[in-house]
Structures are given as structure tokens and as C-alpha cells.
Amino acid sequence: MKKIIGAFALALTTLTTGLLVAACDGNNTTTSNTSDNGATSTPAGSTTTSPATSSGQGLKIGSLLPTTGDLAAIGQQMVESVPLLVNTVNACDGVNGKPVTLVQVDDQTDPKAGASGMQKLATLDKVAGVVGSFASSVSSAAVSIAVPNKVMLISPGSTSPVFTEKATKGDYKGYWARTAPPDTYQAQALAQLANKRGFKRVSTVVINNDYGVGFEKAFVQAFEKLGGTVVNKNNPVRYDPKATTFDTEAQAAFAGKPDAVLGVFYEETGGLFLKSAYQQGVTQGVQMMLTDGVKSDTFPDRVGKAADGKYIVAGAIGTVPGSNGRGLEAFTKLWQSKRGVAPAPYTPHGWDAAALLVLAAQAAKENTGVGIASKIREVANAPGVEVSDVCEGLKLLREGKDINYQGASGNVDIDQNGDVVGVYDVWTVSDDGKIKTVEQVSPK
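Residues numbered from 1 in each chain as written. Predicted model: local features only at pLDDT ≥ 70, side-chain atom pairs only at ≥ 80, totals over all residues. Heavy atoms only, no water.

Participant: What is the right way to read the layout of surface pockets from this model?
Facilitator: Empty space among the atoms becomes visible once a probe the size of a water molecule is rolled across them. If you add up the space inside the largest pocket, you get close to 480 Å³. Forming the walls of the largest pocket are 22 residues, and the residues nearest its centre are Lys295, Ala342, Pro343, Ala344 and Pro345. Among the elements of the structure, α1 (72-78), β14 (317-321) and α11 (328-339) are those that each provide at least two residues to the lining of the largest pocket. It is α1 that provides the largest number of residues to the lining of the largest pocket, a total of three residues. Split by residue class, the lining of the largest pocket holds 12 nonpolar, seven polar and three charged. (1 Å grid on protein atoms, 1.4 Å probe; cavity = no way out; pocket = protein on both sides within 12 Å on 5 of 7 lines; lining within 4 Å. Points joined across faces, edges and corners; volume = space filled by probe spheres on them. Helix = DSSP H or I, 4+ residues; strand = E, 2+ residues; numbered from the N terminus. Nonpolar A, V, L, I, M, F, W, Y, C, P; charged D, E, K, R; others polar.)

Participant: Looking at this structure, I do not really get unusual backbone geometry. What am I missing?
Facilitator: With the exception of glycine, the majority of residues adopt a negative phi angle, and the majority of peptide bonds are in the trans configuration. In this structure, the amide linkage connecting glycine 132 to the following residue, serine 133, adopts the cis form with an omega of -15°. Take serine 133: it is sitting in the loop between β6 (129-132) and α4 (136-146). With an omega dihedral of 0°, the bond running from alanine 382 to proline 383 counts as a cis peptide bond. Located in the positive-phi region is asparagine 96, a residue other than glycine, with phi close to 55°.

Participant: Sorry if this is basic, but what is going on with helix α6 (residues 183-196) here?
Facilitator: Quick reminder: α-helices carry 3.6 residues per turn. Residues three or four places apart thus point the same way. Taking 1.5 Å of rise per residue, 14 residues should cover 20 Å, and α6 covers 19 Å from first to last C-alpha, within 8% of that figure. Buried within α6 we find Asp183, Tyr185, Gln186, Ala187, Ala189, Leu190, Ala191, Leu193 and Ala194. Packed against the buried residues of α6 are α7 (210-225), β12 (260-264), β13 (287-290), β14, β17 (424-429) and β18 (435-441). Glycine 198, located one to two residues past α6, shows a positive phi value of around 85°. (Expected span 1.5 Å × (residues − 1). Buried < 20%, exposed > 50% of the residue type's maximum accessible area, 1.4 Å probe, protein only. Contact = heavy atoms within 4.5 Å.)

Participant: It is not clear to me how the nonpolar core should be interpreted in this structure. Could you clarify?
Facilitator: Soluble globular proteins tend to pack their nonpolar side chains together in the buried interior. Core analysis: the largest hydrophobic core is formed by 132 residues, its most contacted members being Met118 and Phe219. Among the elements that take part in this core, helix α12 (residues 347-364) stands out by supplying 11 residues, more than any other. Setting aside its immediate chain neighbours within four residues, phenylalanine 219 contacts Ala187, Leu190, Ala191, Val202, Thr204, Val230 and Leu262. (Core = buried A, V, L, I, M, F, W, Y, C linked by side-chain atoms within 4.5 Å.)

Participant: What's the story with empty space enclosed by the protein in this structure? I'm lost.
Facilitator: Enumeration over the complete set of coordinates arrives at one cavity of 30 Å³ or more. Roughly 60 Å³ of volume is contained in the largest cavity. What lines the largest cavity is simply Leu71, Phe134, Ala135, Ser136, Gly157, Ser158, Thr159, Tyr211, Tyr266, Asp292 and Gly293. Of the residues assigned to the lining of the largest cavity, the class counts are five nonpolar, five polar and one charged.

Participant: I tried to follow the packing of aromatic side chains on my own but got confused; where do I start?
Facilitator: Across all of its chains, the model carries 13 aromatic pairs by this definition. A ring pair is formed by tyrosine 211 and tyrosine 266, whose centres lie 5.6 Å apart and whose planes are at 15°; its orientation type is stacked. Of this pair, tyrosine 211 sits in helix α7 while tyrosine 266 sits in the loop between β12 and α9 (267-279), placing them 55 residues apart in sequence. Pairing phenylalanine 265 with phenylalanine 273 gives two aromatic rings, centres 5.2 Å apart and planes at 40°, and the pair type is tilted. Taken individually, phenylalanine 265 and phenylalanine 273 each receive the classification buried, so the pair is uniform in this respect. Every member of this aromatic cluster is reached through a ring pair, and the members are Tyr239, Phe246, Phe265 and Phe273. (Phe/Tyr/Trp six-rings, centres within 6.5 Å; stacked < 30°, edge-to-face > 60°.)

Participant: Help me understand the packing of helix α2 (residues 81-90) against helix α14 (residues 390-398), please; the structure alone is not making it clear to me.
Facilitator: Helix packing geometry: the angle between the two helix axes and the distance between the axes. Contact geometry of α2 with α14 gives a least axis separation of 9 Å together with a crossing angle of 50°. Taken as axis vectors, α2 and α14 run oblique relative to one another. α2 and α14 meet at a crossing whose hand is right-handed. Between α2 and α14, the contacting residues are Leu85, Thr88 and Val89 on the first element and Val390, Cys391 and Leu394 on the second. Taken together, the residues of the contact of α2 with α14 break down into five nonpolar, one polar and no charged. (Axes fitted to C-alpha atoms, helices over the stretch in contact; angles between N-to-C directions. Parallel < 35°, antiparallel > 145°, perpendicular 65-115°, else oblique. Left-handed = near helix turned anticlockwise from the far one by under 90°.)

Next up, the structure:
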């Protein structure tokens, strides 16, 4: 990160299926779906693989992230961080003496597509590790395939507490980790924020999947510990991820005139929900609290404007895992040099997830999932030389030294359950629809 060697450019590859997946090419761009460093963009279930590197040569990793579906707005930006890391590594001599190959799959924000994509990556592409997924429901489907195939799965954004529970039971056998903290921490941070703002009575409405339900339960517990009341605790509002109308759910969530309503949404369905609630007139005088699933520049436009020209979600507050790692400044400069804008939420987490895969493979001196899993916590945690530059970390590992990687998203100290602890940005929506960060809050 601090010293990036070589030059490379970002390119967008238009797939024949019409899906858009961002890729970061090397110096020469091919006319196919494969870049000169072996990075390949494929839809879930596709059998397209890179001709540049076979599974027996060098380290091969995959990404399983949403460029379409309910989380596409965030996923399309996050996905670019992985080829950026791969090209950075390949510009400083790769891993174990050979270039790294990347195979990219769009999980479509859908567990079935994610499972199909993970099956392809594990059995056809024979990757050693995968960055993915973002949606917790997709990661749940993917990890059940990754574990028996001994593929290391590192999520940059699946935050459901379910993963901690299953890891504690030994279900993942060390083949799971994440660079974003679990929602047990975000729920605590959001409960503290609600308490700080003076909200005594809060109701909840969540997407009915691992992410939404896990967050809901953690928030209820944390908010009650602070003396608050969740008015619909015994009748929680949980909506179908495939739903397109939300009149009944909106009425139920805002019933009883709570001080605030916590919405744990994905962008597409969350936008429909809030528009429906506004049109029914139930949002007046009620504070809207949101989470990371809708923290996107396009979300206010998706919800729309009120009659006075202000955005419907103006004044809403929310939380999102923040980034405060030692490597953030260098990553931000690199990202801006390629994209011309500041990194979006979760792009530092995607970079760090890919970095941990390559560093662990180098530490293990083998390009396998078994090797990566055996060294992932060793390169992420103390003791060892603290490094935020992935190339510097690889160099030290080649020399036989221990490292403690300090990421862009945070220090990425991974515990025995694959979890990290982070900070949270508090964001709000202005009258003009712009999203801005106003403070940070810690769960501790």
C-alpha cells in the first residue's frame, strides 16, 4: 500500500449476458473476459475459466460478490477492490514465485446463484480462496460448499451473528473469516446511538434473512440493556426478500407511534418499503434509523422526493462499518488514482480480504486452501512485524519473517471464530439527497 510497484489500469468488462463486472487490467487489455494477469469475470454457474493459468500453477483465488440484484449498487464498487489487489501483488512478484490468478463471479445477491457460483469456483476453477460474499444469506450458502472443498472463504461484508454461532460450534473448520465486524457489534453501536439521541421507544422492520433477523435480535438485546423499549418485540416485522409491495409491513412497523423505526434493509427493497410508508403517511414525526445495507449514494433517489422537493429519507440516520486502518490512506490514494473518487463503503474490506488470502498463501508456502486456512490468523494478528503494504508483507514472508497485517479497513485482528472488531461511521441524508458521515461510534 505505502509503496505500490508497477502500473495498472481499471477496465470495465461487459459480459455477453449483459451483466457488468468491474475488473482491473494490467498493461494490456485482451478482447475476451480474461485480463493479462489471468483475472476472469464470469456469471454464477458459468464454466468460463482463465486460459492463462491452470489450477496447478500459482495461486488461484476467486471473488463471489453481487454486481446485480438487491445489493448491486454497493457490490459493483466493492468488486473492483479484488482485481486491484491482485494486480498490485502481481506487480511485486506475485505469491510463491508466480502470478496470482483471479476468477470473478456475480452472485446476483441470491443464495441459489451464490451456491452455484461457489460450486464452480471450488470444483471447476479449483480456487484456493474466495473473497465473498456480501449478503449474509449468500455467504451462508457458499460456506457450506467452501468447507468440504477446503476453500478459504473471507467475506468483506457478511455481518450476520449466525456465522459466529456456527464457527463457535466448529462448523467451518477454520475455512471462514470476515473483515467486517458482525452485527452484534453494529447493533450495539446503533443501540448506543439511539439512546444518545433520546429515543425510548423503537420498532423494527427487517429483511427476512440471516442479515436482517440476526441484526434485529442483536439490536433488541442491546437496546433493552440500555433501558429502551422495542415496541414490536413480540410481533417483529420481517419482509420477504422477493417482495415488491410493502403496504402491510409499513403499517405494522410504524404502528404505536414509536420514537424511531429501525429498518434493516437492502437497497432495492428498502427503497420500495420507505416509499410505501411515506405514501401512506405513517412516517411523519418518526425518526428513521438505517444500517449498512442501504448506505449508497443511489438510495435517496430510489426512495424519491416528497411534495416539497425534499428527499423522503432526508434526516434519516444510520451506521455502516467504518475504515480506520493504518493502510487506509495509501489504499485511498491508490483507489482515487484509478477511479477518481473516494473509496465506497466496503471497498477497503474487500481489499483486505484479498490481501489476507495472498499473505496467508505466501506464509504457508503453498497455494492451497488448507495452507491459507492454517496461516490466516498468523498473518493477521500479533506477534510479527506490523505492515500495511501488502508487497512489503510478501517480501518479509519470503524472507521467513512473521508479519502482523494492518489493513485499510482496520487492524483485521481475526479471532478464533473468524471475526474482527471495528468502528462504525454514523451517516445521515441531507435535504438534497447527499449522504454524509457525521461521526463515529464504537460498540465498546
